[in-house]
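Residue-level listing of the chains:
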Amino acid sequence: MNAIYELLKNGAKNYSVTVVDEINSTNSYLKDNAENLKDGAVIIAKKQTAGRGRLGRSFISEKGGLYMSLLIKPSLCAEKSLFITTTTAVAVARAIEAVSDKKTGIKWVNDLFIDGKKVCGILVESTTNPKTGLLDYAVIGIGVNVYEPESGFDAEIKDIAGAVFGKNNDNGNITRLAAEILNQLSDLLAEPHSKEVLNEYRNRSVVIGKKVDIIKGSNTVSATVIDIDDDAAIILELSNGEVIKKTSGEISIRL
Ligand code: BTN
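What you see is a predicted model, and the numbers here were worked out from it, not measured in a lab. (Residues numbered from 1 in each chain as written. Predicted model: local features only at pLDDT ≥ 70, side-chain atom pairs only at ≥ 80, totals over all residues. Heavy atoms only, no water.)

Undergrad: Can you break down the overall build of the protein residue by residue, with the values?
TA: Within the protein, the secondary structure is distributed over four helices and 12 strands. Against the 2.2 N^0.38 benchmark of 18 Å for 255 residues, the protein shows a C-alpha radius of gyration of 18 Å, consistent with a compact globule. Summarising its shape, the C-alpha atoms of the protein cover approximately 60 × 50 × 30 Å along the three principal directions. In the protein, which comprises 255 residues, the share counted as buried stands at 51%. A sequence separation of at least 24 residues applies to 61% of the contacts in the protein between residues at least 6 apart. For the protein, the exposed area adds up to about 12,500 Å²; of that, 46% sits on carbon and sulfur atoms. Averaging the positions of the 31 positive and the 33 negative side-chain charges in the protein gives two centres separated by 1 Å. (Helix = DSSP H or I, 4+ residues; strand = E, 2+ residues; numbered from the N terminus. Rg over C-alpha atoms; globule rule 2.2 N^0.38 Å. Buried < 20%, exposed > 50% of the residue type's maximum accessible area, 1.4 Å probe, protein only. Contact = heavy atoms within 4.5 Å. Areas by Shrake-Rupley, 256 points an atom, 1.4 Å probe, with all protein chains shown as cover. Lys, Arg positive; Asp, Glu negative; His and termini not counted. Charge placed at Lys NZ, Arg CZ, Asp CG, Glu CD.)

Here's what the structure looks like:
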């Protein structure tokens, strides 16, 4: 039994948690084994050698971070799957605030920010049953920079990345954060499309009202974020005054 179980509450006690030192990607592991694993399988790694981010990007996953994935097999229609990402963002923000004194904001759609720096990315990958339109499963991947790596962040991300704590590595904080994330997830995923949680997502937004760059492939366009609507899509006003709505698969945004 690993230390995390003692910290799990309520529904999270039913999660089946495996902790490993190193893996290619916790998301890949659960996806590859999704058929044989039950709802609630969790894998946590101290380091990933092939961590993956949204839109096919890689996710640098050095020691000092928390890399975890949760497999869920919910009765949820595929159109609502974006709410798994928004709900996870709220769950992780709450968890970070429960173990640290850092106020945590959300950058649509899947990034968490502290003091203007990205401290967490979320990657939800799912498959849908074409007959029912319901999800077969979803793998919720969460990567948190709990500590800054000993040698500092990689040159590629050093201007945008931050950590929840400083450089002083204490494994206890990583375990506490992982447990708190699972406790929050087990509560909030009971109703991923809850209006209350989406409101908290909006209230934590670091982009509403801001000028951003919209990136689609090699194109970048400036816009102002007007709101996040009830479908969790982003509403943008372009410089020519046109108002558009985008879902997460289509674009990413840069502050
Ligand atoms: C992003 O910032 O684009 C999302 C990053 C998601 C990273 C996490 S780390 C745990 C899980 N395993 C992965 O390979 N990716 C996710």
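On we go.
Undergrad: Outline the pairing of strand E10 (residues 234–238), supporting the account with residue identities and numerical values.
TA: Summarising burial for E10: four of the five residues are buried, a large majority. In this sheet, E10 lies alongside strand E9 (residues 219–228) in antiparallel orientation, the contact comprising five bridges. Note that in E10 the partner of aspartate 227 across the bridge is isoleucine 235. What sits between E9 and E10 in their antiparallel hairpin is a turn of five residues, with alanine 232 showing a positive phi close to 70°. As paired elements, E10 and strand E11 (residues 243–246) share four bridges and run antiparallel to each other. When the sheet's bridge partners are listed, glutamate 237 is paired in E11 with valine 243. Taking the residues between adjacent antiparallel strands as the criterion, E10 and E11 are bridged by four residues, where glycine 241 takes a positive phi near 90°. (Pairing = 2+ DSSP bridges.)

Undergrad: Can you lay out the site of the ligand for me, pointing to particular residues and giving the numbers?
TA: Surrounding the ligand, one finds 21 residues, the nearest of these being Ser25, Gln48, Arg52, Arg54 and Lys118. Here asparagine 27 contributes a backbone N or O atom positioned 3.4 Å from a nitrogen atom of the ligand. One nitrogen or oxygen atom from the main chain of arginine 54 is found 2.7 Å from an oxygen atom belonging to the ligand. Here the ligand is seated within the largest pocket. Taken together, the elements giving at least two residues each to the shell around the ligand come down to helix H1 (26–32), strand E3 (66–72), strand E6 (117–128) and strand E7 (135–144). (Near = heavy atom within 4 Å. Polar contact = N/O pair within 3.5 Å; in protein donor to acceptor, adjacent residues only side chain to side chain. 1 Å grid on protein atoms, 1.4 Å probe; cavity = no way out; pocket = protein on both sides within 12 Å on 5 of 7 lines; lining within 4 Å. Sits in = over half its atoms within 2 Å of the grid points.)

Undergrad: Help me get a handle on the layout of surface pockets, residues and values and all.
TA: In this structure, the largest pocket encloses a volume near 920 Å³. Around the largest pocket, the lining comprises 42 residues; the ones closest to its centre are Arg57, Phe59, Asp111, Lys118 and Ile160. Sorting the residues of the lining of the largest pocket by element identifies H1, E3, strand E5 (111–114), E6, E7 and strand E12 (252–254) as the ones contributing at least two each. Tallied by class, residues from the lining of the largest pocket come to 18 nonpolar, 15 polar and nine charged. Lining the lining of the largest pocket are residues from two domains, each supplying at least three of them: domain 1 (2–203) and domain 2 (211–253). In this structure, the second largest pocket encloses a volume near 250 Å³. Where the lining of the second largest pocket is concerned, the elements lending two or more residues are strand E2 (41–48) and helix H3 (171–188). (Points joined across faces, edges and corners; volume = space filled by probe spheres on them. Nonpolar A, V, L, I, M, F, W, Y, C, P; charged D, E, K, R; others polar. Domains from an automatic or database assignment.)

Undergrad: So what's going on with the environment of leucine 76? Which residues, and what values?
TA: Position of leucine 76 relative to the elements: it lies in the loop between E3 and helix H2 (82–99). Leucine 76 sits 98 residues away from isoleucine 174 along the chain, and the two C-alpha atoms are 31 Å apart. When neighbours within four sequence positions are excluded, leucine 76 is seen to be in contact with Ser81, Ile84, Gly133, Leu134, Leu135, Pro192 and His193.

Undergrad: So what's going on with the packing of H2 against helix H4 (residues 195–203)? Which residues, and what values?
TA: Relative orientation of the contacting elements H2 and H4 amounts to 65°, with a least axis distance of 9 Å. In terms of orientation, H2 lies roughly perpendicular with respect to H4. Every pair of crossing elements has a handedness; the one defined by H2 and H4 is left-handed. Across the interface between the two elements, Phe83, Thr86, Thr87, Ala89, Val90 and Arg94 of H2 pack against Val197, Leu198, Glu200 and Tyr201 of H4. Across the contact of H2 with H4, the residue classes break down as six nonpolar, two polar and two charged. (Axes fitted to C-alpha atoms, helices over the stretch in contact; angles between N-to-C directions. Parallel < 35°, antiparallel > 145°, perpendicular 65-115°, else oblique. Left-handed = near helix turned anticlockwise from the far one by under 90°.)

Undergrad: Pulling in residues and values, what's your account of empty space enclosed by the protein?
TA: Within the structure shown, the criterion is met by one cavity of 30 Å³ or more. Put simply, the largest cavity is a space of about 70 Å³. In terms of lining, the largest cavity is formed by Ile60, Glu62, Lys63, Gly65, Tyr67, Asn145, Tyr147, Pro149, Phe153, Asp154 and Ile157.

Purely geometric numbers; function is a separate question.
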